[in-house]
Amino acid sequence: MLASWIPVDPTVVVDTTNRIIAVSFDVVANITGGLSNENNSMQLHHAFLVHLNEDHKVFKASVFWDNNDATLQAFVGKIKAKLSTATEEKLHAIHSRGKEVLMTGQ
């Protein structure tokens, strides 16, 4: 669904006592759904949390964003509709070809 994303203006907070690294930033993203004629650019805030064990190795990582962002929902809905239409058209074409094969015996 997402063709590209670029992090902008990151803020990093390191909690050395609890071994947590927090990174917060805006993302400029282009949502295409893999469709060559679609470009839906948007900016959305993200936050990453990385938890380290006693050996300072990552054992857990999480990312957060607002899934209910109105622009995000509009673009995802638009892409889903186009992908659904494209899938229906492909299935119709396959079904039509199947009928032709049965009728001609080829």
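Residues numbered from 1 in each chain as written. Predicted model: local features only at pLDDT ≥ 70, side-chain atom pairs only at ≥ 80, totals over all residues. Heavy atoms only, no water.

1. What to know about unusual backbone geometry
Okay, step 1: Even without glycine at this site, Asp 9 takes up a positive phi of about 55°.
Okay, step 2: Relative to the assigned elements, Asp 9 resides in strand E1 (residues 2–15).
Okay, step 3: Positive phi values are uncommon outside glycine, yet Arg 19 reaches one of about 55°.
Okay, step 4: Considering the arrangement of structural elements, one finds Arg 19 in the loop between E1 and strand E2 (20–31). (Helix = DSSP H or I, 4+ residues; strand = E, 2+ residues; numbered from the N terminus.)

2. Quick look at the environment of Ile 31
Okay, step 1: On the secondary structure map, Ile 31 appears in strand E2.
Okay, step 2: Under the relative-accessibility criterion, Ile 31 is labelled buried at 3%.
Okay, step 3: When the C-alpha atoms of Ile 31 and Leu 72 are compared, they prove to be 8.8 Å apart, with 41 residues separating the residues in sequence. (Buried < 20%, exposed > 50% of the residue type's maximum accessible area, 1.4 Å probe, protein only.)

3. Let's talk about the nonpolar core
Okay, step 1: Within the largest apolar cluster, 6 residues are counted, these being Ile 31, Met 42, Leu 44, Leu 72, Phe 75 and Ile 79.
Okay, step 2: Breaking this core down by element, the ones donating at least two residues are strand E3 (41–52) and helix H1 (70–104).
Okay, step 3: It is H1 that provides the largest number of residues to this core, a total of 3 residues. (Core = buried A, V, L, I, M, F, W, Y, C linked by side-chain atoms within 4.5 Å.)

4. Considering the sheet that holds E2
Okay, step 1: Within the open sheet, the 4 strands sit side by side as E1-E2-E3-E4. Their pairing is antiparallel. Two strands lie at the open edges of the sheet, namely E1 and strand E4 (58–65), each paired on one side alone. Mean inter-strand twist for the sheet, computed between neighbouring axes without regard to direction, equals 25°.
Okay, step 2: Bridging between E1 and E2 involves 11 bridges; their strand directions are antiparallel. Directly across from Asp 15, in E2, lies its bridge partner Ile 20. (Pairing = 2+ DSSP bridges. Axes fitted to C-alpha atoms, helices over the stretch in contact; angles between N-to-C directions.)

5. Here's the deal with the layout of surface pockets
Okay, step 1: Looking at the largest pocket, its volume works out to about 310 Å³.
Okay, step 2: Leu 2, Leu 44, His 46, Trp 65 and Leu 72 are the residues nearest the centre of the largest pocket, which is lined by 15 residues in total.
Okay, step 3: Every element with two or more residues in the lining of the largest pocket is listed here: E1, E2, E3 and H1.
Okay, step 4: The leading source of residues in the lining of the largest pocket is E3, at 4 residues.
Okay, step 5: Of the residues assigned to the lining of the largest pocket, the class counts are 12 nonpolar, 3 polar and no charged. (1 Å grid on protein atoms, 1.4 Å probe; cavity = no way out; pocket = protein on both sides within 12 Å on 5 of 7 lines; lining within 4 Å. Points joined across faces, edges and corners; volume = space filled by probe spheres on them. Nonpolar A, V, L, I, M, F, W, Y, C, P; charged D, E, K, R; others polar.)

6. Focus: the confidence of the model for the protein chain
Okay, step 1: Confidence in the prediction of the protein chain, expressed as mean pLDDT, is 84, and 81% of residues score 70 or more.
Okay, step 2: Contacts from residues 99–106, a stretch scored under 50 in pLDDT, to residues over four places away or in other chains number 1 contact. (pLDDT = per-residue confidence, 0-100. Contact = heavy atoms within 4.5 Å.)

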